[in-house]
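Coordinate inspection notes
Chain by chain, the residues run as shown.
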Amino acid sequence: MTFFITTAIDYTNGEPHIGHAYEKVLADAIARYQRLKGNDVFFLTGVDQHGQKVQQSAQKQGVAPAEFVDRLTEKFLALWKKLDIGYDGWAATTEPIHKRCVQAMLQLLWEKGDFYRAKRTGYYSVRQEQFLTDKERGEDGEFGPEWGEVVLLEEENYYFKLAQHRQWLLDLIDARSAAGRPLVTPDFRVAELRNAVEKLSGDLCISRPKSRLEWGIELPFDKDFVTYVWFDALSNYVSFAGYDPTPGADQSVFRSRWPAIHVIGKDILIPPHGIYWPIMLKACGFADDDIPSLLVHGWWNIAGAKMSKSTGNSVDPDVLADAFGVAALRYYLLSDIATGRDADFSEERLVQRYNGDLANSLGNLLNRSLSMAKRYREGVLRKPPASPLDGFVAEKVAAYSRRMDAFETHAAIESAWEVIIRCNAYVEESAPWKLAKDPAAAEKLDEVLYSLAESLRIVSILITPFLPASADAIRSQLAWGGAIGMDRCAWGGLADGHRLGDPVPVFPRLG
Ligand code: MSP
């Protein structure tokens with residue numbers, strides 16, 4: 001089975017910030033865990049490169065849109081590499097394969113009669129070159145000075161018949177929840193989506209005249225228009241997974257991956273991912289079971305407020321990774337937010353969690369365990385018949401798995417750290433330095449040293465999704481390798497006579 005995970009594709013009209021980084025790290029941890037379980041994984045991420053804002057930003061800088069997006073795409077690519085995001089597919093919406101797929105989907109729906117052309121009148125900002133809605137009105141009900149001259153304009157566009165699928169979507173939401181495969185996780189978002197679908201009315205405008213927007217994918221049935229935002233952006237999930245809507249096309253690669261789990265932020269659940277996307281797929285002929293599931297994460301805020309470049313409070317993950325290290329950043333992003341909820345970003349907390357959990361708890365445990373084994377037994381382990389820790393560790397591995405299966409990375413991290421905390425307490429209780437002085441306690445000392453190394457071996461597997469490089473470093477110090485998987489979490493993996501490596505600090509303290 002292939003576990004197909006995607007993240008929202010990031011707008012290339014701005015630079016990556018900590019929110020983008022969180023989403024990729026979260027999806028990467030889920031993907032790595034699924035690989036540990038032995039599942040095939042296809043992890044797709046990428047960039048959303050078309051649209052009005054890109055066209056405007058490029059114009060302001062006096063460069064072609066293609067050059068503008070290339071520059072920003074480089075930043076995303078370099079950041080994901082730095083943060084160890086192990087994706088399998090890269091979705092850049094200016095790719096020909098994507099354009100072809102989007103146009104084929106549009107053509108299919110045009111021929112099926114799912115679109116119509118209509119004239120609508122609306123308020124248009126000449127300065128910003130966009131139509132305004134009531135959302136853009138100020139408290140006094142007027143459009144503010146930032147919009148410049150606002151005129152009433154009539155424009156013809158293409159519309160997608162959305163509202164006719166309202167009842168189908170409500171039924172799908174209910175059926176999927178009843179089948180234990182909810183359309184949306186976490187649970188409280190199901191009700192939120194359902195309420196929004198109840199109120200669904202009207203259709204979706206899917207085009208912009210080229211006179212106003214050129215930087216987009218041309219409608220295959222009307223060359224004077226490009227498609228706007230959602231048909232372009234959402235379709236990346238299928239176009240880069242091998243989907244070809246042409247009747248009779250070979251769908252075998254696509255079928256081996258689909259359906260997907262989309263990892264998205266809460267702001268793009270309603271309406272795009274929760275309403276437009278299922279309906280678009282349904283209209284293209286997808287079966288109910290093939291409508292993808294949505295894992296909706298919360299937001300990182302700054303002192304309770306939305307992060308934004310214009311207010312100067314956006315946090316650059318690149319700078320953080322350089323200052324504190326990739327392990328500190330990944331660990332913080334995965335442990336200090338409950339999946340689905342919001343959290344406040346704090347550099348102080350990042351340092352605190354790193355020093356407390358990684359440098360002190362895990363780092364010290366590794367260091368003292370290897371040092372004692374080296375000092376008292378020249379690094380060679382004797383496998384005892386039993387250990388006071390084996391049952392406890394097995395329990396925590398089971399809890400970890402349950403939590404990871406539910407995408408609760410923060411809680412899974414807690415399970416792994418319960419093992420680490422227990423091991424540190426066990427060192428204090430058993431006082432190996434005293435046992436080493438007593439020849440009658442030789443067997444007990446072997447039991448303690450083995451239990452610590454064996455627990456660390458298992459911990460190194462559990463932390464792999466969160467801290468892949470550190471997990472590798474720990475395994476190399478334990479001198480234990482080979483294929484790494486959840487099935488190797490069973491107690492007793494280190495052989496009798498196993499020789500451990502030398503301790504080298506993995507998590508140097510941050511000052
Ligand atoms: N391009 C659209 C998505 C199209 S998906 C077919 C978009 N891009 S975005 O760059 O604005 O956001 C990309 C992802 O980052 C979204 O899932 C969004 O929710 C997430 N985040 C943006 N800011 C965030 C935080 N402050 N915190 C956590 N995630 C946030 O939307």
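Rules behind the numbers
Residues numbered from 1 in each chain as written. Predicted model: local features only at pLDDT ≥ 70, side-chain atom pairs only at ≥ 80, totals over all residues. Heavy atoms only, no water. Helix = DSSP H or I, 4+ residues; strand = E, 2+ residues; numbered from the N terminus. Buried < 20%, exposed > 50% of the residue type's maximum accessible area, 1.4 Å probe, protein only. Contact = heavy atoms within 4.5 Å. Lys, Arg positive; Asp, Glu negative; His and termini not counted. Charge placed at Lys NZ, Arg CZ, Asp CG, Glu CD. Phe/Tyr/Trp six-rings, centres within 6.5 Å; stacked < 30°, edge-to-face > 60°. Lys NZ or Arg CZ within 6 Å of the ring centre and 35° of its normal. Core = buried A, V, L, I, M, F, W, Y, C linked by side-chain atoms within 4.5 Å. Near = heavy atom within 4 Å. Polar contact = N/O pair within 3.5 Å; in protein donor to acceptor, adjacent residues only side chain to side chain. Areas by Shrake-Rupley, 256 points an atom, 1.4 Å probe, with all protein chains shown as cover. Nonpolar A, V, L, I, M, F, W, Y, C, P; charged D, E, K, R; others polar. Pairing = 2+ DSSP bridges. Right-handed = clockwise from strand over helix to strand, strands pointing away. Salt bridge = Lys/Arg side-chain N within 4 Å of Asp/Glu carboxyl O. Axes fitted to C-alpha atoms, helices over the stretch in contact; angles between N-to-C directions. Parallel < 35°, antiparallel > 145°, perpendicular 65-115°, else oblique.

Helix and strand counts for the protein chain stand at 18 helices and 16 strands. In terms of overall dimensions, the protein chain has a C-alpha envelope of 95 × 50 × 40 Å along the principal axes. Scored against the burial criterion, the 511 residues of the protein chain give a buried share of 54%. Of the contacts made within the protein chain by residues no fewer than 6 positions apart, 77% connect residues no fewer than 24 positions apart. Each charge class in the protein chain was averaged separately, 58 positive and 69 negative side chains, and the resulting centres sit 3 Å apart.

Per the stated rule, a full pass over the model turns up 29 aromatic pairs. Centroid distance Phe115 to Phe231: 5.7 Å. Interplanar angle 85°. Geometry classified as edge-to-face. Here Phe231 lies in helix H7 (residues 230-234) and Phe115 lies in strand S5 (residues 115-125), a separation of 116 residues in the sequence. The burial state of Phe115 is the same as that of Phe231; both residues are buried. Here the aromatic cluster, defined as three or more aromatic residues joined through ring pairs, consists of Trp110, Phe115, Tyr158, Phe160, Phe221, Phe225 and Phe231. Between Arg120 and the ring centre of Tyr159, over which it is positioned, the NZ or CZ distance is 4.1 Å. Of note, Arg137 hangs over the ring of Tyr123, and the distance from its end group to the ring centre comes to 5.4 Å.

What follows covers unusual backbone geometry. With an omega of -5°, the peptide bond running from Thr185 to Pro186 counts as cis. Mapping Pro186 onto the fold places it in the loop between strand S8 (184-185) and helix H6 (188-198). The step from Ile270 to Pro271 runs through a cis peptide bond, and the omega angle for that step is 0°. The phi dihedral of Glu378 is positive, around 50°, even though this residue is not glycine.

Let us now look at the nonpolar core. Core analysis: the largest hydrophobic core is formed by 96 residues, its most contacted members being Trp300 and Trp417. If sequence neighbours within four positions are ignored, Trp300 has contacts with Ile18, Tyr22, Met307, Tyr332, Leu333, Asp336, Ile337, Ala343, Asp344 and Phe345. In this structure, Cys101, Phe115, Leu193 and Met280 belong to the second largest nonpolar core, which totals 61 residues.

As a further point, take helix H2 (residues 52-61). All of the buried residues along H2 are Gln52, Val54, Gln55, Gln56 and Ala58. Summarising the contacts, the buried residues of H2 are in contact with helix H3 (65-82), strand S6 (130-132) and strand S10 (207-209). Residue Gly62 follows H2 closely and has a positive phi angle near 70°.

Surrounding the ligand, one finds 23 residues, the nearest of these being Ile9, Glu23, Asp48, Gly265 and Asp267. At 2.9 Å from a nitrogen atom of the ligand is found a main-chain nitrogen or oxygen belonging to Ile9. Contacts to the ligand include Asp267, whose side-chain N or O atom sits 2.5 Å from an oxygen atom. For the ligand, the accessible surface in isolation is 650 Å², of which the surrounding protein chains cover 95%. Counting only elements with at least two residues in the shell around the ligand, the list comes to strand S2 (10-11), helix H1 (18-36), H7, helix H8 (236-239) and strand S13 (260-265). Of the residues belonging to the shell around the ligand, the class tally is 11 nonpolar, eight polar and four charged.

The next point concerns the pairing of strand S14 (residues 293-297). Counted residue by residue, S14 has five buried out of five residues, so it is predominantly covered. Side chains Ser293, Leu295 and His297 project from S14 onto one buried face, and the interleaved Leu294 and Val296 project onto a second face that is buried too. Both S8 and S14 contribute to a ladder of two bridges, which runs parallel. By the bridge assignment for S14, Val184 is matched with Leu294. The pairing of S13 with S14 spans five bridges and is parallel. Among the inter-strand pairings, Ile264 is bridged to a residue of S14, identified as Val296. Each parallel crossover has a hand, and for S13 linked through helix H10 (residues 269-283) to S14 it is right-handed.

Among the secondary structure elements, Arg176 is positioned in helix H5 (residues 166-178). Here Arg176 sits buried without a salt bridge, and the closest side chain of opposite charge, Asp289, lies 5.5 Å off (N-O distance). Within the local environment of Arg176, its side chain forms a polar contact with the backbone oxygen of Ile291, the two atoms lying 2.9 Å apart. Other than its neighbours up to four places away in sequence, Arg176 contacts Arg181, Pro182, Leu183, Asp288, Asp289, Ile291, Pro292 and Ser293.

Closest axis-to-axis distance for the helix H13 (residues 347-377)/helix H18 (residues 468-478) pair is 11 Å, and the angle between their directions is 10°. The angle between the axes of H13 and H18 places the two elements in the roughly parallel class. Residues Leu362, Leu366 and Leu370 of H13 form the contact with H18, whose own contacting residues are Ile474, Gln477 and Leu478. Counted by class, the contact of H13 with H18 contains five nonpolar, one polar and no charged residues.

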